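Overview (structure and organization)
One letter stands for each residue in the lines below.
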Amino acid sequence: MRYSKRLKRLLFIVAIGLLPLISVGQLALKFTPAEIGKIISQMTSEEKSLIVTGAKRRNVYPAALPGLRLKDIAGVGGYTYPFLKHGIPSIMLSDGPAGLRIAPRRLNDTADYYCTAFPVATLMACTWNVELAEKVGAAMGKEALEYGVDILLAPGMNIQRDPLGGRNFEYYSEDPYLTGKMAASLVRGIQSKGVGASIKHFAVNNQETNRRIIDAVVSERALREIYLEGFKIAVKEADPWTVMSSYNKINGVYTSESSALLDTILRKEWNFKGIVVSDWYAGKDPVAQVKAGNDLLMPGLQAWSDAIDSAISNKIIPESTINTNIARILSLVTKTATYSNYPFSNKPDLVQHAKLARMAASEGMVLLKNNTLPLKKTMKRVAAFGNYSYKLVPGGTGSGMVNNRYTVSTVQGLKAAGLKVDQELEAYYAEYLKQAIPESLKEDSLITAMPKPDKVLDERPLSTELIKKAAIENDIALITIMRVFGEGGDRNPDRSFHLTGEERLLIQKVSEAFRKKNKKTIVVLNVGGIIEMASWVSMVDVVLLAWQPGQEGGSAIADILTGNVNPSGKLSSTIPVKYEDVPTAKNFPGTPAKNPVKVIHDEDIYIGYRYFSTRQVKSLYEFGYGLSYTTFNYSNLVLDRNVLHDSVVVTVKITNAGKLPGKEIAQLYISAPAGELQKPALELKGFQKTRLLMPGESQVIKFIVRASNMASFHTKKSCWITEKGNYTFKIGASSNDIRLKKELRLDNDIVIEKVFKVLSPQP
Ligand code: BGC
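Now for a description of the structure that goes with this document. Here the structure is a predicted model, which means the values were calculated and not measured. (Residues numbered from 1 in each chain as written. Predicted model: local features only at pLDDT ≥ 70, side-chain atom pairs only at ≥ 80, totals over all residues. Heavy atoms only, no water.)

Surrounding the ligand, one finds 13 residues, the nearest of these being Asp95, Arg167, His201, Asp279 and Glu487. Between an oxygen atom of the ligand and a side-chain N or O atom of arginine 211, the distance comes to 3.4 Å. Notes on the ligand: free accessible area 310 Å², of which the protein chains cover 93%. Of the residues contributing to the shell around the ligand, the split by class is four nonpolar, two polar and seven charged. (Near = heavy atom within 4 Å. Polar contact = N/O pair within 3.5 Å; in protein donor to acceptor, adjacent residues only side chain to side chain. Areas by Shrake-Rupley, 256 points an atom, 1.4 Å probe, with all protein chains shown as cover. Nonpolar A, V, L, I, M, F, W, Y, C, P; charged D, E, K, R; others polar.)

Here's what the structure looks like:
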């Protein structure tokens with residue numbers, strides 16, 4: 001008895017002693033989901049206005065707010081407002097699409113907090129591997145969880161409308177189906193770890209120029225079929241915890257202020273159950289945002305909550321509206337790791353994740369041209385040209401960047417794979433890079449601020465003698481061309497899309513010198529978006545589109561060059577012969593040219609391969625294209641019926657007909673019959689990547705296509721309709737390389753779904 005009393009007293013003393021170590025958030029008595037209604041009814045209008053606006057606005061170290069976790073996460077994107085008295089903790093939201101972005105260092109802290117830089121979304125889309133995307137999502141989610149972040153602000157899933165889009169690297173594709181499927185997988189992966197995803201930027205945020213004011217003028221059909229479709233797939237298939245509304249307007253209304261978009265389409269039609277978060281500082285009118293159902297305004301400004309507070313008091317915002325928004329926020333809070341006091345370790349398994357990043361990187365690089373690879377065992381000596389052969393850029397700039405501990409350069413990757421790199425060239429570039437790398441990358445700037453993106457370094461002209469000597473002393477030449485860009489600006493056609501004079505000269509001189517010696521030249525494109533290639537590609541023997549492959553990029557490039565990995569990536573967007581060939585060139589980034597306020601989507605639904613195939617414009621490399629070191633045969637295309645009712649099962653056999661193991665991506669396109677609505681010549685309706693097939697091995701793959709997946713949007717009738725007639729099912733190795741086809745008849749029109757008449761362009 002006495003013993004137990006003493007023990008109790010001892011425990012009490014220990015508990016008191018531990019108090020300062022336990023976060024305030026954890027101590028607070030948490031509300032339960034059943035209490036949400038009661039809590040809301042007890043809130044003042046000021047409290048309500050605070051809960052719907054993020055807490056970062058006060059610009060104070062968050063621990064100063066009662067209820068916030070004591071240990072703030074430096075560099076986190078934002079956090080919600082805590083209320084100790086209601087038992088509401090603050091939850092943390094942070095970027096982004098290629099991995100968690102937090103500051104790697106903290107004040108008065110010797111530990112570090114690096115994250116894994118995974119390949120950018122475009123590379124992930126080029127894997128066409130949904131299982132892999134889910135694994136990457138799970139790894140990103142785990143890093144967020146272990147660093148105490150509740151919501152990962154990813155994936156970005158806007159359509160790559162124009163090659164000059166400054167954030168294209170954060171997005172997947174020009175095609176909504178591929179976009180939706182990849183995004184859904186990433187979301188499933190992230191959320192499998194108990195961390196929420198935020199699919200963004202909803203919607204039609206396809207450019208950076210004037211992104212906060214630009215009005216995207218777009219037809220209802222293009223909206224439904226192209227710009228909303230990917231989001232719809234992700235919402236329906238992966239149930240994201242949050243959707244992030246975008247900066248721009250659609251047909252005259254800010255997306256964050258559009259109840260047509262956020263309520264009618266997202267909630268009523270798609271049955272979205274999570275919360276809508278605004279993009280950071282988006283929109284103009286916080287009251288209109290709240291009324292439209294944009295639940296949480298981030299990152300939070302005092303002026304916003306003041307305006308909302310007074311609008312609640314003056315009944316401009318109906319009680320029921322604000323209460324619904326808050327109920328949604330609170331029910332999201334109950335799902336988070338913070339709410340359940342997850343004891344985050346600050347120690348995610350970065351070693352395992354690096355292996356995954358390497359694997360993913362090699363699977364999404366696209367081999368565009370090949371007369372040489374894989375390198376023969378005798379080809380050991382590599383002459384590496386171009387600054388970025390020595391300094392790979394893992395991702396783009398802005399909120400999509402990751403603070404990773406290291407990046408493996410191509411040269412490091414090649415050396416680790418047992419190749420020899422020309423030492424004279426290496427020394428030449430080392431000296432140049434040393435003096436050219438900006439001071440801002442110095443270590444201690446990482447503590448308080450995000451490091452600045454690398455400056456793009458001009459290529460230093462090389463003497464003809466040095467190149468000639470390299471051609472004598474090495475077996476092969478490798479040239480890297482790099483492009484980096486990101487949030488806040490679109491690409492400049494001259495400086496970013498085209499080669500610079502120095503780059504062109506480098507390719508010319510090196511390829512000539514090596515050709516004279518009967519040796520080959522490889523070009524590696526370390527780019528966040530496509531570049532002009534038609535004018536120089538014939539000069540070189542190999543082009544590997546390595547994208548921005550994340551921190552293990554150099555190892556992944558070496559894996560492909562040496563044949564350790566057989567490339568299996570295929571393009572998720574078309575590479576045109578010249579920029580002027582893309583259907584948006586005349587309408588990007590909008591009008592007036594100097595300071596655009598409007599961008600008219602004249603091309604309507606004819607984006608990317610939909611345009612190139614329908615209007616029969618030749619591309620340089622088409623959507624879905626990519627080379628392998630082996631070849632694949634397609635056979636036995638079977639549709640389980642000739643006449644369509646609800647759905648059809650499509651099977652096809654893929655055989656590895658070459659000499660090396662490899663994976664193939666089979667693509668199912670459908671050509672619709674002529675009907676009342678105009679249709680693109682081709683539309684992607686299914687894809688599958690095989691497992692690694694050994695030479696001679698086959699795999700039968702199966703697609704299930706529903707009548708609803710084949711529908712087009714009928715603007716006048718506000719419905720999705722699958723029109724009668726003969727549909728051609730085409731199985732291709734790319735959008736141009738159709739290997740097999742079969743017809744399927746539909747006897748009567750099927751109205752798939754009636755929808756609301758909303759978001760029409762203003763007359
Ligand atoms: C970007 C978002 C990002 C947010 C928070 C915004 O500027 O557009 O993609 O999630 O900042 O960092």
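What follows picks up the thread again.
By size, the foremost hydrophobic cluster in this structure holds 207 residues, and its most contacted members are Phe202, Leu368, Phe385, Leu525, Met533 and Trp536. Leave out the neighbours within four places in its chain, and leucine 525 touches Ile481, Ile531, Met533, Trp536, Val543, Leu544, Leu545, Ala546 and Trp547. Counting 24 residues, the second largest nonpolar core, distinct from the first, contains Leu639, Val652, Ile654 and Tyr727. (Core = buried A, V, L, I, M, F, W, Y, C linked by side-chain atoms within 4.5 Å. Buried < 20%, exposed > 50% of the residue type's maximum accessible area, 1.4 Å probe, protein only. Contact = heavy atoms within 4.5 Å.)

Burial analysis of strand E4 (residues 196-202) places seven of its seven residues in the buried class, the great majority of the element. Sheet topology places strand E3 (residues 151-153) next to E4; two bridges connect them, and they run parallel. Looking across to E4, one finds that leucine 152 is bridged to alanine 197. Regarding the hand of the β-α-β motif, the stretch spanning E3, helix H7 (residues 176-191) and E4 is right-handed. (Helix = DSSP H or I, 4+ residues; strand = E, 2+ residues; numbered from the N terminus. Pairing = 2+ DSSP bridges. Right-handed = clockwise from strand over helix to strand, strands pointing away.)

To continue, consider unusual backbone geometry. The amide bond that connects aspartate 95 to the next residue, glycine 96, takes the cis arrangement and shows omega of 5°. Locating glycine 96 in the fold gives a position in the loop between strand E2 (92-95) and helix H5 (121-127). Note that the residue after threonine 591, namely proline 592, is joined by a cis bond; omega there is -10°. Along the chain, proline 592 turns up in the loop between strand E16 (575-576) and strand E17 (598-600). Non-glycine residue asparagine 108 carries a positive phi angle of around 50°. With respect to the helices and strands, asparagine 108 occurs in the loop between E2 and H5. A positive phi angle is found at asparagine 518, which is not glycine, with a value near 65°.

Within this structure, the stated rule accounts for 19 aromatic pairs. Consider the rings of phenylalanine 713 and tryptophan 720, whose centres lie 5.5 Å apart with planes at 70°: the pair is edge-to-face. Residue phenylalanine 713 is classed as buried on the basis of its relative accessible area, which comes to 0%. Members of the aromatic cluster, each reached through a chain of ring pairs, are Trp128, Tyr177, Tyr609, Phe623, Tyr669 and Phe687. Directly above the ring of tyrosine 113 sits arginine 106, whose terminal nitrogen or CZ lies 3.5 Å from the centroid. In this arrangement the basic side chain of arginine 460 is found over the ring face of tyrosine 428, its NZ or CZ atom lying 4.2 Å from the centre. (Phe/Tyr/Trp six-rings, centres within 6.5 Å; stacked < 30°, edge-to-face > 60°. Lys NZ or Arg CZ within 6 Å of the ring centre and 35° of its normal.)

In short, the description is geometric, and any link to function would need to be established separately.
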